[in-house]
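Structure assessment
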Amino acid sequence: MDGNGRWAKKRFMPRVVGHKAGMDALIRVVDHCQKRGVEYLTVYAFSSENWKRPEDEVSGLMNLVLVGVAKYLGKLASQGVRVRIVGDRSAVSEKVRAAWNQSEADTAANTGLVLTVCFNYGGRWDIVQAARRAMAEGLAPEQLTEEALSARMSLAYAPDPDLFIRTGGELRVSNYLLWQIAYAEFHFTDCLWPDFDEHEVDRALAAFAGRDRRFGGVKTAGSTPSIA
């Protein structure tokens, strides 16, 4: 979800205002993804590298977690959305951890769209923590297969993403879901995240629908692309 700061700068406003607008955009996207039948939506809210940002911006993002839970959790829960939080929780405050716990507990029984929020997350961290879990459980080297490592990744409960979207005009993955996006289709857009709306979601889905997904194989006559 890239471009919040630039969106605010274009309007001569503090960066945190852009992050607030980005949260509103997220709720719009969740609503529309539900209408389109998307079952899993995973968003990159705060990377493990984002601690390098100015202290006031980091503090604003942490406070935004608390505001977001208070403002939107009831709405998401009533819509059947299940919220999952993924990332290293050790570096955030007890208040933020409590907000995350509340979000997960209040939506644990929901069976609708699964919204995973990656916060203080990094793809390399995810792979390392999965390997450490395997070692702690006593797996021998020959037992450390792709399946064994996948089962210990932080998003083991979700299928690998079909579609990877990055807003804001950047053409890189920025240490996001490095293990899981091996066969994802990529959609890059210049649209800044606060402006990402229903139309942009549909553009991304239409682009995905036109891809020929073979997963390393050969497409046979009469077969059709998989559509998520």
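Bear in mind that the values here come from a model prediction, so they are computed numbers and not experimental data. (Residues numbered from 1 in each chain as written. Predicted model: local features only at pLDDT ≥ 70, side-chain atom pairs only at ≥ 80, totals over all residues. Heavy atoms only, no water.)

Our focus in this paragraph is the UniProt feature "active site" (unreviewed entry) in the protein chain. According to UniProt, the feature "active site" (unreviewed entry) maps to Asp2 and Asn50 in the numbering used here. These annotated residues cover 49 residues of sequence, but their C-alpha atoms sit close together, with the largest distance between any two at 12.2 Å. With respect to the element layout, Asp2 can be found in the segment before α1 (4-10). When sequence neighbours within four positions are dropped, the list of residues in contact with Asp2 reads Arg166, Thr167, Gly168, Glu170, Cys191, Leu192 and Trp193. In terms of polar contacts, Asp2 uses its side chain to reach the side chain of Arg6, at 3.3 Å. Its location among the elements puts Asn50 in the loop between β1 (40-47) and α3 (55-78). Of the polar contacts made by the side chain of Asn50, one reaches the backbone nitrogen of Ser47; its length is 2.8 Å. (UniProt positions renumbered as here; feature names shortened; annotations may be inferred. Helix = DSSP H or I, 4+ residues; strand = E, 2+ residues; numbered from the N terminus. Contact = heavy atoms within 4.5 Å. Polar contact = N/O pair within 3.5 Å; in protein donor to acceptor, adjacent residues only side chain to side chain.)

Scanning the entire structure with this criterion turns up twelve aromatic pairs. Judged by centre distance (5.9 Å) and plane angle (75 degrees), the ring pair of Tyr121 and Trp125 falls under edge-to-face. The class of Tyr121 is buried, set by a relative accessible area of 0%. Judged by its relative accessible area of 28%, Trp125 falls in the partly exposed class. Where Phe186 meets Phe188, the ring centres are 5.9 Å apart and the plane angle is 25 degrees; that geometry is what we call stacked. On the basis of relative accessibility, which here comes to 28%, the residue Phe186 falls in the partly exposed class. Residue Phe188 is classed as partly exposed on the basis of its relative accessible area, which comes to 32%. Aromatic ring contacts, followed pair by pair, group Tyr44, Tyr121, Trp125, Phe164, Tyr176, Phe186 and Phe188 into a single cluster. (Phe/Tyr/Trp six-rings, centres within 6.5 Å; stacked < 30°, edge-to-face > 60°. Buried < 20%, exposed > 50% of the residue type's maximum accessible area, 1.4 Å probe, protein only.)

Here helix α2 (residues 15-35) is 21 residues long and its end C-alpha atoms lie 31 Å apart, about the 30 Å a rise of 1.5 Å per residue gives. Inspection of α2 places Gly18, His19, Ala21, Gly22, Met23, Ala25, Leu26, Ile27, Val29, Val30, His32 and Cys33 among the buried residues, and these make up the whole buried set. In this fold, the buried residues of α2 make contact with α1, β1, α3, β3 (114-121) and α7 (198-209). Once α2 ends, the next one or two residues include Gly37, with phi positive near 80 degrees. (Expected span 1.5 Å × (residues − 1).)

Side chains that carry opposite charge are capable of pairing whenever their charged atoms lie near each other. Under the criterion given, the structure shown has 15 salt bridges. A salt bridge links Asp2 to Arg166, with the shortest nitrogen-to-oxygen separation between them at 2.9 Å. Of this pair, Asp2 sits in the segment before α1 while Arg166 sits in strand β4 (residues 163-166), and the two are 164 residues apart along the sequence. Like Asp2, the residue Arg166 is buried in the burial classification. (Salt bridge = Lys/Arg side-chain N within 4 Å of Asp/Glu carboxyl O.)

Quick look at the sheet that holds strand β2 (residues 82-86) now. Taken together, three strands build an open sheet; the order of strands is β1-β3-β2 and the sheet is parallel. Edge positions in the open sheet fall to β1 and β2, since each of these has one partner strand only. The mean angle between the axes of side-by-side strands here comes to 20 degrees, regardless of whether they run parallel or antiparallel. Both β1 and β3 contribute to a ladder of seven bridges, which runs parallel. By the bridge assignment for β3, Ser47 is matched with Tyr121. Sitting on the sheet, helix α4 (residues 94-107) touches β2 and β3, and the angle it makes with β2 is about 145 degrees. (Pairing = 2+ DSSP bridges. Axes fitted to C-alpha atoms, helices over the stretch in contact; angles between N-to-C directions.)

Here the focus is the confidence of the model for the protein chain. Put simply, the protein chain has an average pLDDT of 93, and 95% of its residues get 70 or more. Every residue in residues 221-228 scores below 50 in pLDDT, and together they form eight contacts with partners more than four places removed in sequence or on other chains. (pLDDT = per-residue confidence, 0-100.)

Once that is clear, we can look at the packing of α3 against α4. Between α3 and α4, whose axes approach to 9 Å, the crossing angle comes to 10 degrees. Accordingly, the angle class assigned to the pair α3 and α4 is roughly parallel. When you trace α3 past α4, the crossing you get is left-handed. Judged by residue contacts, Met62, Val65, Leu66, Val69, Leu73 and Ala77 of α3 engage Lys95, Val96, Ala99, Trp100, Gln102, Ser103, Asp106 and Thr107 from α4. (Parallel < 35°, antiparallel > 145°, perpendicular 65-115°, else oblique. Left-handed = near helix turned anticlockwise from the far one by under 90°.)

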